Amino acid sequence: MDGIVRLRIRGLRTARGWSLDDLAERCYMSPSTLSRIETGHRRISLDQLIALARALGTSLDQLVESADDGDVVIRPQRDEVRGMTVWLLSRESGPHGVTVAKMRITGPVLGNGADELGVHPGRDWLTVLSGTVALLLGERTILVETGQAAEFSTMIPHAIRAHGGPAEILCILDHDGQRTHLRP
């Protein structure tokens, strides 16, 4: 972990085109102290990490976060009962609290249940990557085909079903949509 933090400090500094002197001035350290920190010849104290993160325009969490394969590889989550597989493409809620997910729908419904239409506050967005989905909005059924996209108010009772075979969609869900559509 220590080596990764040092590489991140050096990488962020050089990405900004800063010399050791430039960063040292911004975080109130001597250039020689900063050099020893980057090369591993000096232990990094918490107050130094905080000053470095602030000067580099990042958070302390991002500077010291783990770097295991779980941060890179996205593994699918299968829901056999609901007939779908989900790949969460955003680990944390993004801007405005949205989550991005890829879904493969093979079963009858993406909603609360096979004969139920779900309702929740907010909006959902989706684009069809392959196949065709039936977007049920209240009394309407709208077929959305490969390459097409849909945006709709989720206060309208709704569900998304595969139509004529499996379908894959990329969707953006707000907090309420994530809780409703991606629950186990």
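Because the structure is predicted, anything quoted here is derived from the model rather than measured.

(A) Fine view of the packing of aromatic side chains. Under the criterion given, the structure shown has zero aromatic pairs. Stacked on the ring of Trp87, the Lys or Arg Lys102 has its end atom at 4.7 Å from the ring centre.

(B) Region of the structure containing the nonpolar core. By size, the foremost hydrophobic cluster in this structure holds 19 residues, and its most contacted members are Leu126, Val133, Leu135, Val144, Ile169 and Cys171. Going through the elements one at a time, β2 (84–88), β3 (99–105), β4 (123–130), β5 (132–137), β7 (149–153), β8 (158–162) and β9 (167–173) are the ones with two or more residues in this core. Looking at which element gives the most residues to this core, the answer is β9, with four residues. Dropping the residues within four chain positions of it, Val133 is found in contact with Ile105, Leu126, Val128, Ile142, Leu143, Val144, Ile160, Arg161, His163, Ala167 and Ile169. Core analysis: the next-biggest nonpolar cluster, separate from the first, contains 16 residues, Val5, Leu23, Ala24 and Leu63 among them.

(C) Examining the confidence of the model for the protein more closely. Across the protein, pLDDT averages 83, with 82% of residues at or above 70. Across the protein, strand β6 (residues 140–145) holds the top mean pLDDT of 95, while helix α6 (residues 175–181) sits lowest at 60. The low-confidence segment residues 109–114, where pLDDT is below 50, has 22 contacts with residues more than four positions distant or belonging to other chains.

About the criteria used
Residues numbered from 1 in each chain as written. Predicted model: local features only at pLDDT ≥ 70, side-chain atom pairs only at ≥ 80, totals over all residues. Heavy atoms only, no water. Phe/Tyr/Trp six-rings, centres within 6.5 Å; stacked < 30°, edge-to-face > 60°. Lys NZ or Arg CZ within 6 Å of the ring centre and 35° of its normal. Core = buried A, V, L, I, M, F, W, Y, C linked by side-chain atoms within 4.5 Å. Buried < 20%, exposed > 50% of the residue type's maximum accessible area, 1.4 Å probe, protein only. Helix = DSSP H or I, 4+ residues; strand = E, 2+ residues; numbered from the N terminus. Contact = heavy atoms within 4.5 Å. pLDDT = per-residue confidence, 0-100.

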